[in-house]
Amino acid sequence: MTDAMPGTADPLVGTEFAFSGQDFDRIRTLLRQHTGISLSDAKRSMVYSRLARRLRATGRPSFSAYLEGLRAGAPEWEYFVNALTTNLTYFYRENHHFQILAAHLKRLAAERPGQTLQLWCAAASTGEEAWTLAITAAEVFGTLAPPVRILASDLDTHVLATARQAVYRRDQLAKVPDQQARRYFVEEAEGRYGVRPELRALVNFRQLNLLDPAWPVRGPLDAVFCRNVLIYFDRPTQLRVVERMAGLMPPGALLFVGHSESFSQGQQRFVLQGRTVYARQPG
Ligand SMILES: C[S@@+](CC[C@H](N)C(=O)[O-])C[C@H]1O[C@@H](n2cnc3c(N)ncnc32)[C@H](O)[C@@H]1O
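Residues numbered from 1 in each chain as written. Predicted model: local features only at pLDDT ≥ 70, side-chain atom pairs only at ≥ 80, totals over all residues. Heavy atoms only, no water.

Chemist: Now, about the sheet that holds strand S8 (residues 254-257): what can you tell me, with residues and values included?
Modeler: Taken in spatial order, the seven strands make up an open sheet running S6-S2-S1-S7-S8-S10-S9, and their pairing is mixed. Strands at the two margins of the open sheet, each flanked by one partner only, are strand S6 (203-207) and strand S9 (270-274). Taken pair by pair, the neighbouring strands of this sheet meet at an average axis angle of 20 degrees, ignoring direction. Two strands pair when backbone bridges link them, and S8 and strand S10 (residues 277-280) are joined in this way by three bridges, in the antiparallel orientation. Within the sheet, the bridge partner assigned to Phe 256 lies in S10 and is Val 277. Strands strand S2 (148-154) and S6 of the sheet are contacted by helix H7 (residues 157-165), whose axis makes an angle of about 165 degrees with S6. (Pairing = 2+ DSSP bridges. Helix = DSSP H or I, 4+ residues; strand = E, 2+ residues; numbered from the N terminus. Axes fitted to C-alpha atoms, helices over the stretch in contact; angles between N-to-C directions. Contact = heavy atoms within 4.5 Å.)

Here it is, written out as structure tokens:
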């Protein structure tokens, strides 16, 4: 146990383990290289507290000892990445997106009757976004078995396990209108509500790092939700990811991004269609 962190006087950072500026920089570099997530200086105390738990769990006496054994692919790697992602999400987040999606699905169904529409939720976190997509599709088609398939992916295996489980507390359903809550959830235990099996059949969850050179995703995709993840990447990485998504989308397909993620500058593949919604351009 050490009392102070060498090289910093940050009072917010705990004192159980030494945490030097060099340790922080090594962590930032590792994370950026493998996940695209850029951590600002302001994230230092968050990094300390989240990784201090991993030091305790693995019995490492210091950050440098912990980092010494950390390699991509090592068993601890997954815990390291899971500990540093930010997973905030909720049902019907930015509700206007789901209204635009509903209109888009209706239009596509009229243009291509009988075809299954393909959606990708590219940073699904604990699943609320993917389930909101499924509910939206069910509402549009008026059936629990709409002609829609949803790929829901995330880097973080821990949140994906929750997403697959698809069981939420009553307070987590606060933004789900009552009628939809009754229609698409069943109470599985006291105060715990599971997504109905018919909706579960629409969604396929898998781990996917947006930085990986190959994505196991087959186009054409009619809509992509990539919300509140690009914000963690630097600009060139954001543009690269968006460009690769464009390659999986036909003209007219929609890309939904987070409220503070804008792409009007720096790329030619998409044109702004509505608030943080972009339409794939021809070519
Ligand atoms: C703030 S959540 C956003 C959840 C949801 N899209 C929403 O807007 O409510 C960000 C998610 O991005 C995931 N993420 C971060 N870096 C990623 C990467 N390189 N590839 C895939 N997912 C990533 C995190 O694990 C986290 O679950």
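There is more to say, and it comes next.
Chemist: An account of unusual backbone geometry is requested, with residue identities and associated values reported.
Modeler: Here the amide bond leading from Gly 219 into Pro 220 is cis, since omega sits at -5 degrees, within 30 degrees of zero. Its place among the elements puts Pro 220 in the loop between S6 and strand S7 (223-226). The phi dihedral of Glu 94 falls on the positive side, at around 50 degrees, and the residue is not glycine. Of note in the backbone geometry, Ala 166 takes a positive phi value of approximately 60 degrees without being a glycine. Summarising the element assignment, Ala 166 is placed in the loop between H7 and strand S3 (167-169). Here Ala 166 falls in the buried class, since its relative accessible area comes to 0%. (Buried < 20%, exposed > 50% of the residue type's maximum accessible area, 1.4 Å probe, protein only.)

Chemist: Quick rundown of the packing of aromatic side chains? Include the residues and the values.
Modeler: Using the criterion set out here, one finds 13 aromatic pairs in the structure. Judged by centre distance (6.1 Å) and plane angle (70 degrees), the rings of Phe 19 and Phe 24 are edge-to-face. On the accessibility criterion, Phe 24 (3% relative accessible area) is buried. With a centroid separation of 5.7 Å and 80 degrees between ring planes, the pair formed by Phe 91 and Phe 185 is classed as edge-to-face. Residue Phe 91 is found in the loop between helix H4 (75-84) and helix H5 (96-111), and its partner Phe 185 is found in strand S4 (residues 185-189); the two are separated by 94 residues along the sequence. Under the relative-accessibility criterion, Phe 91 is labelled buried at 0%. Joined through ring pairs, the aromatic side chains of Phe 17, Phe 19, Phe 24, Tyr 48 and Phe 63 make up one cluster. When the ring centre of Tyr 79 is taken as reference, the NZ or CZ atom of Arg 54 above it lies at 4.1 Å. Across from the ring centre of Tyr 193, 5.6 Å away, lies the NZ or CZ of Arg 170, which sits over that ring. (Phe/Tyr/Trp six-rings, centres within 6.5 Å; stacked < 30°, edge-to-face > 60°. Lys NZ or Arg CZ within 6 Å of the ring centre and 35° of its normal.)

Chemist: Got a sec to walk through H4? Specific residues and values, please.
Modeler: The buried fraction of H4 amounts to seven of the ten residues, a majority that puts the element mostly inside the structure. For H4, the set of buried residues is Glu 76, Trp 77, Phe 80, Val 81, Asn 82, Ala 83 and Leu 84. Buried-residue contacts for H4 involve helix H1 (21-35), helix H2 (44-58), helix H3 (63-68) and H7.

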